[in-house]
Amino acid sequence: MNDNLHQLRCFGCGELISGSDARPDFRCARCGDLFDVEYAGWSQRRGHDRPNPGALKWLWRERRSSLETLDQSGVWRFRELLPILDSFGNAVTLREGNTPLYPLIRAAKALGMDQLFAKHQGMNPTGSFKDTGMTAALSVARERGFEWVACASTGNTSAAMAAYAARAGLRSLVLIPEGKIAWGKLSQAMDYGAVTCQLKTDFDGCVRVLTEIVREAPIYLLNSVNPYRLEGQKTPAFEIAEAFDWAVPDHLIVPGGNLANSSALGKGFRELHELGLVARVPRVSVIQAEGANPLVRSFSSSKGATMEPVEAHTRATAIRIGNPASWRKAARVIQDTGGWCLDVTETEIAIAKAELGAEGLGCEPASAVTLAGLKKLRADGSVAAGETVVLLLTGHTLKDADYTIDFHRGTLLKDQEIAGHEAEVNALRRNAVAVDATPAAVLAALKGSVG
Ligand code: F0G
């Protein structure tokens, strides 16, 4: 048994409930808003009873060389800050987290910066940041005795859920918008044994259907309205702080879809600050695709106070979301940390993705919005040359190979989208060429590419 002290607090009206009293759709019975996990014990504890920052930092680092399964997870390594289980023995882990923080040399040079990094969450077991949240929430599902779990998804959540459910011996149900998710992600849900339903609607429509299903059937909802997901997804904030020896970077830039990840990372940094592990928090900025930008619109029309859903369109299918569930939480994080919320065009996303590829990293299109957004923030002077910036890359490049191939073949962007960007796009394109099977023909191709 561990010190499971958590409770759930409604983000809207402040209502406090115990974890076991949450409704199946994780909405507040009083006001309909979402919950956050809260650890009352932390604020009530005084003096010697409070977590000791120095001891925690030492313990977490020591665990990196431990042979214990739980210690080898980059989420459960920090388990003192996510005591959501009655027994940590119930944790379902695939050794998620502990993802690399890469310096971005070429992008930094092009932007006149020298401290630019990418935290690559695509290096998780199923290829996206969703694994860190799934290990947390699926472990709760197992501990509470559920046999079925479900999510609506643009692809990555379903891949992660299906994998963790399979590891735990649970069954999983996936609702995805037909024809609007990348094949790599769909193949994962099938491979891990999920019941996968493609619905003739968009992501927001899938969410509506699933919300009704979980109210009727004993199925545990694993969308990011589930507050335990965010407890896992806050841990990359701990890894980032640790990587900078607890002197946090100036700025963290995150893609925005359903807006849970920015909320979770903001919570992670806030808790580190409240517990005295870091002296300040970074600015957190959220970047959306221009065709799926309800939070950007919310900031320009009402400073983040109200949000109108939009019909979402973007080739970055992971963030093709028009009615994000966690928009209020994300707006608060942006405001509290002094970050920005902006959008980028399809062309800007494609160029930024190719640039990250050319650095040997690669990522899926939704992740590349971070670099595209940073370029704008540098151009308008919001981010200064001397600042330390971390881009959160959320998904692996192989998740959406079709997008990459289309870009390099020249079939991704329409002529009017390329207009004005021809030189940049052409310099980045590396199409495969069909060549005769002779050394002379290959050498000729080599010469051609150098010229
Ligand atoms: N990047 C990738 C690769 C994603 O898959 C998602 C969301 C996001 C960014 C946005 O994160 O929703 O927390 O703001 N994908 C979800 C899914 C919605 O179903 O896989 P967010």
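Further up the page is the structure itself.
From a predicted model like this one, the values you see are computed outputs, not experimental measurements.

Draft legend 1. Highlighting the nonpolar core. Judged by nonpolar contacts, the single largest core of 82 residues is most densely connected at Trp76, Ile84, Leu138, Val149 and Leu272. Per element, the largest residue contribution to this core is seven residues, and it comes from helix α5 (residues 156-168). Among the nonpolar cores identified, the runner-up in size contains 41 residues, and Ile287, Ala316, Val383 and Leu428 belong to it.

Draft legend 2. Focus on the site of the ligand. Residues in contact with the ligand amount to 20 residues; listed here are only the nearest, Ser153, Gly257, Asn258, Leu259 and Thr394. Between serine 153 and the ligand, the recorded distance is 2.7 Å, taken from a side-chain N or O atom to an oxygen atom. At 2.7 Å from an oxygen atom of the ligand is found a main-chain nitrogen or oxygen belonging to leucine 259. Across the complex, the protein chains shield 99% of the 480 Å² of accessible surface that the ligand would expose by itself. Most atoms of the ligand, that is more than half of them, are within 2 Å of grid points of the largest cavity. At the level of secondary structure, the elements contributing two or more residues to the shell around the ligand comprise α5 and α10 (260-274). Of the residues belonging to the shell around the ligand, the class tally is eight nonpolar, 10 polar and two charged.

Draft legend 3. View of a nonpolar patch on the surface. Together, Val433, Val435 and Val442 line one region of the surface with nonpolar side chains, adding up to about 260 Å² of accessible area. Looking at the secondary structure, you find valine 433 in the loop between α17 (422-428) and α18 (439-450). Taking the relative accessible area as the measure of exposure, valine 433 reaches 63% and is therefore exposed.

Draft legend 4. Seen up close, empty space enclosed by the protein. Counting across every chain of the model gives one cavity of 30 Å³ or more. When its volume is computed, the largest cavity comes out at roughly 280 Å³. Lining the largest cavity are 25 residues, with Phe129, Lys130, Gly257, Asn258 and Ala318 positioned closest to its centre. Broken down by secondary-structure element, the contributors of at least two residues to the lining of the largest cavity are α5, α8 (227-233) and α10. Tallied by class, the residues present in the lining of the largest cavity amount to 10 nonpolar, 12 polar and three charged.

Draft legend 5. Quick peek at unusual backbone geometry. Phi at arginine 95 takes a positive value of approximately 60°, unusual for a residue other than glycine. Along the chain, the position of arginine 95 falls in the loop between α2 (53-62) and β4 (101-103). Given the relative accessible area of 42%, arginine 95 is considered partly exposed. Notably, asparagine 98 is not glycine yet its phi reads approximately 55°, a positive angle. Checked against the element boundaries, asparagine 98 lands in the loop between α2 and β4.

Draft legend 6. The arrangement of the pattern of salt bridges in detail. Counted by the stated rule, this structure contains 23 salt bridges. Glutamate 38 is the salt-bridge partner of arginine 9, the closest N and O atoms lying 2.5 Å from each other. Taken together, the residues span a long stretch of sequence, with arginine 9 in strand β1 (residues 6-10) and glutamate 38 in strand β3 (residues 35-39) at a distance of 29 residues. Across the pair glutamate 231 and lysine 234 runs a salt bridge, and its minimum N-O distance is 2.6 Å. Taking the relative accessible area as the measure of exposure, lysine 234 reaches 0% and is therefore buried. The structure contains a network of salt bridges with shared partners spanning Arg63, Asp71, Arg79 and Glu80.

Draft legend 7. Spatial organisation of the packing of helix α11 (residues 294-302) against helix α12 (residues 327-337). The N-to-C vectors of α11 and α12 enclose an angle of 60°; their axes lie 11 Å apart at closest approach. Here α11 lies oblique to α12, going by the angle between them. Once α11 is placed against α12, the crossing between them reads as right-handed. In contact with Leu295, Ser298 and Phe299 of α11, α12 contributes Trp327, Ala330, Ala331, Ile334 and Gln335. Looking at the contact of α11 with α12 residue by residue, the classes come out as six nonpolar, two polar and no charged.

Draft legend 8. Spotlight on the sheet that holds strand β12 (residues 341-344). An order of β4-β5-β13-β10-β11-β12 is seen for the six strands of this open sheet, with the pairing classed as mixed. The open sheet is flanked by β4 and β12, the only strands paired with a single partner. Sheet twist, expressed as the mean angle between neighbouring strand axes with direction ignored, is 25°. As paired elements, strand β10 (residues 251-255) and strand β11 (residues 283-289) share five bridges and run parallel to each other. Paired with valine 254 across the bridge in β11 is valine 286. Its contacts with the sheet put α10 on β10, β11 and β13 (389-393), and the angle it makes with β10 is roughly 155°.

Rules used in this analysis
Residues numbered from 1 in each chain as written. Predicted model: local features only at pLDDT ≥ 70, side-chain atom pairs only at ≥ 80, totals over all residues. Heavy atoms only, no water. Core = buried A, V, L, I, M, F, W, Y, C linked by side-chain atoms within 4.5 Å. Buried < 20%, exposed > 50% of the residue type's maximum accessible area, 1.4 Å probe, protein only. Helix = DSSP H or I, 4+ residues; strand = E, 2+ residues; numbered from the N terminus. Near = heavy atom within 4 Å. Polar contact = N/O pair within 3.5 Å; in protein donor to acceptor, adjacent residues only side chain to side chain. Areas by Shrake-Rupley, 256 points an atom, 1.4 Å probe, with all protein chains shown as cover. 1 Å grid on protein atoms, 1.4 Å probe; cavity = no way out; pocket = protein on both sides within 12 Å on 5 of 7 lines; lining within 4 Å. Sits in = over half its atoms within 2 Å of the grid points. Nonpolar A, V, L, I, M, F, W, Y, C, P; charged D, E, K, R; others polar. Patch = residues over 30% accessible without salt bridge, like charges linked within 9 Å, V, L, I, M, F, W, Y side chains within 5 Å. Salt bridge = Lys/Arg side-chain N within 4 Å of Asp/Glu carboxyl O. Points joined across faces, edges and corners; volume = space filled by probe spheres on them. Axes fitted to C-alpha atoms, helices over the stretch in contact; angles between N-to-C directions. Parallel < 35°, antiparallel > 145°, perpendicular 65-115°, else oblique. Left-handed = near helix turned anticlockwise from the far one by under 90°. Contact = heavy atoms within 4.5 Å. Pairing = 2+ DSSP bridges.

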